[in-house]
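# Observations on the model geometry
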Amino acid sequence: QKDEAKAARLYRVAADMGFDIAQCSLGCCYDFGTGLPENPEQALVWYLKSAEQGTNATAMGNVSSTMLKIAAIRYGRCDVAGKSPVPKAVYWGKRAAKLGNEEAAAAVKQIDDLCSGVCANCNKPASSVNLKRCTKCRVFRYCGRDCQREHWKAGHKLDCCKTD
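In this report, the structure presented in the accompanying data block is examined. Computed from a predicted model, the values in this text were never measured in an experiment. (Residues numbered from 1 in each chain as written. Predicted model: local features only at pLDDT ≥ 70, side-chain atom pairs only at ≥ 80, totals over all residues. Heavy atoms only, no water.)

## Focus on the overall build of the protein
When helices and strands are tallied, the protein shows 7 helices and 2 strands. Taken from the N to the C terminus, the helices and strands of the protein come in the order α-α-α-α-α-α-β-β-α. Taking the principal axes of the C-alpha coordinates as reference, the protein spans close to 60 × 30 × 25 Å. Expressed as a percentage of the 164 residues in the protein, the buried residues total 38%. Pairs at least 24 residues apart make up 51% of the contacts formed inside the protein by residues separated by at least 6 positions. Of the roughly 9,400 Å² of accessible surface on the protein, a fraction of 52% belongs to carbon and sulfur atoms. Side-chain charges of the protein comprise 25 positive and 17 negative groups, with the mean position of each set lying 8 Å from the other. (Helix = DSSP H or I, 4+ residues; strand = E, 2+ residues; numbered from the N terminus. Buried < 20%, exposed > 50% of the residue type's maximum accessible area, 1.4 Å probe, protein only. Contact = heavy atoms within 4.5 Å. Areas by Shrake-Rupley, 256 points an atom, 1.4 Å probe, with all protein chains shown as cover. Lys, Arg positive; Asp, Glu negative; His and termini not counted. Charge placed at Lys NZ, Arg CZ, Asp CG, Glu CD.)

## Section: the side chain of Asp-31
Note that Asp-31 resides in helix α2 (residues 20-32). Owing to a relative accessible area of 7%, Asp-31 belongs among the buried residues under this scheme. Non-local contacts of Asp-31, meaning those with residues more than four positions away in its chain, are made with Glu-38, Ala-43, Tyr-47, Thr-66 and Lys-69.

## Some points on the environment of Asn-62
Summarising the element assignment, Asn-62 is placed in helix α4 (residues 57-75). When its relative accessible area of 17% is taken as the criterion, Asn-62 is described as buried. Separated by 35 residues in sequence, Asn-62 and Gly-27 place their C-alpha atoms 8.6 Å apart. For Asn-62, the contacting residues outside a window of four places in its chain are Cys-24, Cys-28 and Tyr-47.

## So, the packing of α2 against α4
Any two packed helices are characterised by the angle at which their axes cross and by the distance between the axes. At a minimum axis separation of 10 Å, α2 and α4 run at an interaxial angle of 30 degrees. Considering the angle they form, α2 stands roughly parallel to α4. The interaxial crossing formed by α2 with α4 has left-handed handedness. For the pair formed by α2 and α4, the contact residues are Cys-24, Cys-28 and Asp-31 on the first element and Thr-58, Ala-59, Asn-62, Thr-66 and Lys-69 on the second. Of the residues in the contact of α2 with α4, the class split is 3 nonpolar, 3 polar and 2 charged. (Axes fitted to C-alpha atoms, helices over the stretch in contact; angles between N-to-C directions. Parallel < 35°, antiparallel > 145°, perpendicular 65-115°, else oblique. Left-handed = near helix turned anticlockwise from the far one by under 90°. Nonpolar A, V, L, I, M, F, W, Y, C, P; charged D, E, K, R; others polar.)

## As for the packing of aromatic side chains
Summed over the entire model, instances satisfying the criterion amount to 1 aromatic pair. Ring centres of Tyr-91 and Trp-92 lie 5.1 Å apart, and the angle between their planes is 80 degrees; this geometry places the pair in the edge-to-face category. A relative accessible area of 25% places Tyr-91 in the partly exposed class. A cation over an aromatic ring shows up here: Lys-49 above the ring of Trp-46, its NZ or CZ 4.8 Å from the ring centre. (Phe/Tyr/Trp six-rings, centres within 6.5 Å; stacked < 30°, edge-to-face > 60°. Lys NZ or Arg CZ within 6 Å of the ring centre and 35° of its normal.)

Set out below in structure tokens:
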């Protein structure tokens, strides 16, 4: 018989010892409410501890998706300037993809496709203007310098990070 609470306790012991697989597994327990109360923020803490060790592609992909999940819960969407995890989610997704995580690679492509359709500031469609990428994160697109500056001041400067 499965004892999910006991499994979560044992994952915690191993996670506290620094085992990346246990940290990722504990993150999953929090993420899906398996043996522990569902808590995306705690899931993210444990996924990050695992991902930051640099070898767990599953943890990296989970960091990416959990960041987006938390933003969607808090703000109803993921692209609120100053609160957007999108560039950091792309960063972790790309790292996971480099280690062979195909789901993360597909998620990064999906984010890129979604962000390529409109100016991140004024929502002008790509069909009516030539959009240029943010030079730092390369995730969001803008119809011109004025829109990029406005979006930067609105909070993108807090969200932006190199994704390569």
